[in-house]
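Coordinate inspection notes
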Amino acid sequence: MKRLALVLSIGVVAGMVGYWSPGFGQEQTNEPPAGTLHDGSAFRFERITDDIYHVRGAGTMSVGSNSVVIINEEDVLLVDSNSTPAAAWVLREELRAITTKPVKYVVNTHFHFDHAHGNQIWGPDVELIGHEFTREALSDAEAIFSSRTYQGFTGNVPSRVDGLRARIDAEQDPVARTRLEGQLQVQESYRDALAEVNPTPPRITLDRKMTLFLGGREIQLMFLGRGHTGGDLVVYLPEEQVLCSGDLLVENLVYMGDGYVDEWADTLDELRSFDYDRILPGHGASFTGTQKIDNFQDYLRDFWTKATALRSQGLSAEQAAERIDMTNHRANYGNLRGPGVDVREMLRAYERMDEPEDR
């Protein structure tokens, strides 16, 4: 039986989804946004400390990115709001399994849809915080929806739905058919959720650093330099030695289609100055140490060198994207199967070569 989010990932039943309790958003309502339909829990909560959780999708709905939940003495700070209002709404409901304290702060690590398009469910009683660059980007809905990044990641959702329906119609094996039906539900809900998005920019911005003192906890928000976007924030908890890196550094390779590849590796050097026990990334599992910094810096610098060489040979970005060979990094990134990269990443690299100061 299909249902809205009733069962939470740590085994607590939340009750009737579709009801916003006081303290969980704008105002009490009985209507969830479109796209919340899913089976089981949408999120898994990894406990990092007694009151810090790394939150990852469970696969029953499309949530886009990880979040971090920081439970303070009187309230909650949430790092990243997921990809749609539906995903954000369900996360808010499932948070009841670990705390009854209200979310009072939502920090966007950057402007990408999978981290910030859940902003709209948070009303004026919640402080939306981000970099100035992030506010500017999220203030231009037309540019977001037409961008190669947004279109590249979401534009094929309707065709995925159609494709899954065709496969279900043709599938004879009942087990495989059930699996495909589950995938179809996720994609149909995602399609419906995307239609509800109204990009909502942060209402509080920073340029370099902001420190929040919430009860007895210090939370530092910092811009270390351009990397994944022009306004990446990291969130650092010095007492707990926890660093939330957004997409500046993730478990594996990360999309570079809006990146500052020529500056990114140097920005990552700034992470080494932090005294941290664990990094909580915007995608993938949490990790420790500096090896992933080393690996990604090597990849970025090699990518830039090779892309620049291909450009000097007169190749178009499309040709260079097909020809560039990064498989020498396969030991660190096992998903590198052969020559070639996402063409959006090479287009972006060429933009940086053309106008390094302006974009």
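Above this note sits the structure.
In short, a report on the structure. This is a predicted model, so every value here is computed, not measured.

**Observations regarding the packing of helix α6 (residues 157–170) against helix α7 (residues 174–194)**
- Viewed as axis vectors pointing N to C, α6 and α7 meet at an angle of 155°, and their least axial separation amounts to 9 Å. Between α6 and α7, the crossing angle belongs to the class labelled roughly antiparallel. Along this stretch, α6 crosses α7, giving a crossing that reads as left-handed. Note on element contacts: α7 touches α6 through Arg177, Leu180, Glu181, Gln183, Leu184, Gln187, Glu188, Tyr190, Arg191 and Leu194, opposite Val157, Arg160, Val161, Leu164, Arg165, Arg167, Ile168 and Asp169.

**Description of the pairing of strand β1 (residues 43–49)**
- One ladder, built from six bridges, connects β1 with strand β2 (residues 52–57); its direction is antiparallel. Bridge pairing in β2 links Phe43 to Gly57.
- Between β1 and the antiparallel strand that follows it, β2, lie two residues.

**Considering the pattern of salt bridges**
- Per the stated rule, a full pass over the model turns up 19 salt bridges.
- Arg177 is the salt-bridge partner of Glu181, the closest N and O atoms lying 3.6 Å from each other. Of this pair, Glu181 and Arg177 are both found in helix α7, four residues apart, which corresponds to roughly one turn of the helix.
- Using a relative accessible area of 35% as the deciding quantity, one classes Glu181 as partly exposed.
- Close ionic contact of Arg301 with Asp266 constitutes a salt bridge, the shortest N to O distance being 3.1 Å. A residue pair is termed long-range when its members are at least 10 positions apart, and Arg301 in helix α9 (residues 291–312) and Asp266 in helix α8 (residues 261–269) qualify at 35 residues.
- Taken together, the shared-partner salt bridges in this structure form one network comprising Asp266, Asp269, Arg272, Asp294 and Arg301.

**Thoughts on the sheet that holds β2**
- Strands sit in the order β1-β2-β3-β4-β5-β6-β7 across an open sheet of seven strands; the sheet is mixed. Only two strands of the sheet have a single neighbouring strand rather than two, namely β1 and β7 (204–206). With strand direction ignored, the average angle separating the axes of adjacent strands in the sheet is 20°.

**Side note on the sheet that holds strand β9 (residues 217–223)**
- With mixed pairing, five strands are arranged side by side in an open sheet as β8-β9-β10-β11-β12. A strand with exactly one partner marks an edge of an open sheet, and here the two such strands are β8 (209–214) and β12 (278–281). Direction aside, the axes of adjacent strands within the sheet are offset by 20° on average.
- Sheet topology places strand β10 (residues 233–237) next to strand β11 (residues 242–246); three bridges connect them, and they run antiparallel. Residue Leu237 lies in a different strand from β11, and its bridge partner there is Val242.

**Quick notes on the side chain of Asp114**
- Checked against the element boundaries, Asp114 lands in helix α2 (residues 113–116).
- A polar side-chain atom of Asp114 sits 3.5 Å from a polar atom in the side chain of His115.
- Within the structure, the side chain of Asp114 is placed 3.2 Å from the side chain of His283, a separation counted as a polar contact.
- In this structure, Asp114 is in contact with Val63, Gly64, Ser65, Asn82, Ser83, Asp247 and His283, ignoring residues within four places of it in sequence.

**Notes on unusual backbone geometry**
- Of note in this structure, Asn82 is not a glycine but carries a positive phi near 75°.
- Relative to the elements of secondary structure, Asn82 occurs in the loop between β4 (76–79) and α1 (85–94).
- With a phi angle near 55°, Gln241 is a residue other than glycine that sits in the positive phi range.
- Inspection of the secondary structure assignment puts Gln241 in the loop between β10 and β11.

**A short note on the packing of aromatic side chains**
- Scanning the model with the defined rule gives eleven aromatic pairs in all.
- An angle of 90° between the planes, with centres 5.1 Å apart, marks the rings of Trp264 and Phe296 as edge-to-face. Taken together, the positions of Trp264 in helix α8 and Phe296 in helix α9 put the pair 32 residues apart, joining distant regions of the chain.
- Assessed through its relative accessible area of 0%, Trp264 is described here as buried.
- Ring centres of Tyr299 and Phe303 lie 6.5 Å apart, and the angle between their planes is 20°; on these two criteria the pair is classed as stacked. Taken together, the residues span about one helical turn, with Tyr299 and Phe303 both in helix α9 at a distance of four residues.

**Concerning the nonpolar core**
- Counting residues in each nonpolar core, the largest one holds 38 residues, and the members touching the most others are Leu268, Leu271, Phe274, Phe296, Tyr299, Phe303 and Met346.
- For this core, the secondary structure elements donating two or more residues are β10, α8, α9, α10 (317–323) and α11 (343–354).
- The element best represented in this core is α9, accounting for seven residues.
- Residue contacts for Phe296: discarding those within four places in its chain leaves Leu248, Leu249, Leu253, Val254, Met256, Trp264, Leu268 and Tyr333.

Parameters at a glance
- Residues numbered from 1 in each chain as written.
- Predicted model: local features only at pLDDT ≥ 70, side-chain atom pairs only at ≥ 80, totals over all residues.
- Heavy atoms only, no water.
- Axes fitted to C-alpha atoms, helices over the stretch in contact; angles between N-to-C directions.
- Helix = DSSP H or I, 4+ residues; strand = E, 2+ residues; numbered from the N terminus.
- Parallel < 35°, antiparallel > 145°, perpendicular 65-115°, else oblique.
- Left-handed = near helix turned anticlockwise from the far one by under 90°.
- Contact = heavy atoms within 4.5 Å.
- Pairing = 2+ DSSP bridges.
- Salt bridge = Lys/Arg side-chain N within 4 Å of Asp/Glu carboxyl O.
- Buried < 20%, exposed > 50% of the residue type's maximum accessible area, 1.4 Å probe, protein only.
- Polar contact = N/O pair within 3.5 Å; in protein donor to acceptor, adjacent residues only side chain to side chain.
- Phe/Tyr/Trp six-rings, centres within 6.5 Å; stacked < 30°, edge-to-face > 60°.
- Core = buried A, V, L, I, M, F, W, Y, C linked by side-chain atoms within 4.5 Å.

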